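Reading the structure
Here is how the chains run, residue by residue.
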Amino acid sequence: MIKRILPPYLTYAESFDDANDESLFPEEAKVVEHAVEKRRREFTTGRICARRALRQLGRPAVPLLPGAHGEPRWPAGIVGSITHCSGYRGAVVGEASQATSIGIDAEPNEPLPGTLLATISHAEERSDVDLLTRRYSGVCWDRLLFSAKEAVYKSWFTLTGAWLDFDATLVRLHPREWTGTFVANLLVPGPEVAGEKIDTFSGRWLLSRDVLLTAIVVR
């Protein structure tokens, strides 16, 4: 279903359950050998989805090991992103000649727990969430805001290799019927891509099968 919010030059694979028709490379298995079962299943299915997406680009299966911050290290010339949540696992990849950065995130369409919204948002964003919640029922706008910020972070990290706090962006959500767009304005100096400084990230979102999906692609 993530295809609906992606440009056509990217490839993807997704699963709504844990995949067990492929196994991890030994190097990958070592990464999660001491992890809890849930983490091992998510890691395995995410890697399987990533390899399926890479095969669509004509790329061979290779170990996808995590970097120092847990990010997947892609083969040379490839950019991509992996996500997972309850009921969904997915990966999106593309040639580096067509995309500089990709960030995807999946979240259950459920309200954020406790006071998390206050922790990850600005007053303007909370005001938007309140307004959207009153106008458009069925979408957990606080969770969608969180997902959009996660997609921003993944896109940012690919470009900078640096951490980005939740309060370093101001996200505005734009609704349509079960789908829409969002814009994230950076409140810190942005990276440069092809000689141009990035101060905003634009993305798309989708609600389907009770899963919220967000995607950002930097050309």
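Residues numbered from 1 in each chain as written. Predicted model: local features only at pLDDT ≥ 70, side-chain atom pairs only at ≥ 80, totals over all residues. Heavy atoms only, no water.

1. With respect to the sheet that holds strand S2 (residues 78-85)
As summarised here, the arrangement of the three strands in space is S1-S3-S2, forming an open sheet in which the pairing is antiparallel. The open sheet has two free edges, formed respectively by strand S1 (11-15) and S2, since each of these has just one partner strand. The mean angle between the axes of side-by-side strands here comes to 10°, regardless of whether they run parallel or antiparallel. (Pairing = 2+ DSSP bridges. Helix = DSSP H or I, 4+ residues; strand = E, 2+ residues; numbered from the N terminus. Axes fitted to C-alpha atoms, helices over the stretch in contact; angles between N-to-C directions.)

2. Let's talk about the packing of aromatic side chains
Following the criterion strictly, the structure yields six aromatic pairs and no others. Summarising the aromatic geometry, the rings of Tyr153 and Phe157 are spaced 5.9 Å apart at their centres and angled 45° between planes, so their arrangement reads as tilted. A residue pair is termed a helical-turn pair when its members lie 3 or 4 positions apart in one helix, as Tyr153 and Phe157 do in helix H5 (residues 141-160) at four residues. When its relative accessible area of 17% is taken as the criterion, Tyr153 is described as buried. Each member of the aromatic cluster is reached from another via a ring pair, and the members are Tyr136, Trp141 and Trp205. Here Arg209 stacks its cationic end above the ring of Phe16, 3.6 Å away from the centre of that ring. (Phe/Tyr/Trp six-rings, centres within 6.5 Å; stacked < 30°, edge-to-face > 60°. Buried < 20%, exposed > 50% of the residue type's maximum accessible area, 1.4 Å probe, protein only. Lys NZ or Arg CZ within 6 Å of the ring centre and 35° of its normal.)

3. Considerations on the nonpolar core
Counting residues in each nonpolar core, the largest one holds 31 residues, and the members touching the most others are Trp141, Leu173 and Phe201. Listed by contribution, the elements that provide at least two residues to this core are helix H3 (116-120), helix H4 (123-135), H5, strand S5 (169-175), strand S6 (179-186), strand S9 (200-208) and strand S10 (211-218). Excluding its chain neighbours within four sequence positions, the residues that come into contact with Phe201 are Val152, Ser155, Trp156, Leu159, Phe182, Val183, Ala184, Leu186, Ile216 and Val218. Counting 18 residues, the second-largest nonpolar core is a separate cluster that includes Met1, Ile5, Cys85 and Ala215. (Core = buried A, V, L, I, M, F, W, Y, C linked by side-chain atoms within 4.5 Å. Contact = heavy atoms within 4.5 Å.)

4. Observations regarding the pattern of salt bridges
When the charged atoms of two side chains lie near each other, side chains of opposite charge can form a pair. Within the structure shown, the criterion is met by 13 salt bridges. In this structure, the salt-bridge partner of Glu42 is Lys38, at a minimum N-O distance of 2.6 Å. Of this pair, Glu42 and Lys38 are both found in helix H2 (residues 37-56), four residues apart, which corresponds to roughly one turn of the helix. A relative accessible area of 8% means that Glu42 is categorised as buried. Between Asp128 and Arg172 there is a salt bridge, and its shortest N-O distance comes to 2.7 Å. Linking Asp128 in helix H4 with Arg172 in strand S5, this pair joins segments that are 44 residues apart in sequence. Its relative accessible area of 29% is what places Arg172 among the partly exposed residues. If you follow the salt bridges from partner to partner, you end up with Asp18, Glu37, Arg40, Arg41 and Arg89 in one network. (Salt bridge = Lys/Arg side-chain N within 4 Å of Asp/Glu carboxyl O.)

5. Brief notes about the pairing of S1
Looking along a regular strand, one sees the side chains alternate between the two faces of the sheet. Burial runs high along S1: four of the five residues are buried. Pairing analysis gives five bridges linking S1 to strand S3 (residues 88-95), with the strands arranged antiparallel. When the bridges of S3 are listed, Tyr12 appears paired with Val92.

6. Notes on unusual backbone geometry
The phi angle at Ala194 is positive, at roughly 55°, despite the residue not being glycine. Summarising the element assignment, Ala194 is placed in the loop between strand S7 (192-193) and strand S8 (196-197). The backbone of Arg209 sits at a positive phi, close to 55°, despite the residue not being glycine. Structurally, Arg209 is set in the loop between S9 and S10. Judged by relative accessible area, Arg209 falls into the exposed class, the value being 57%.

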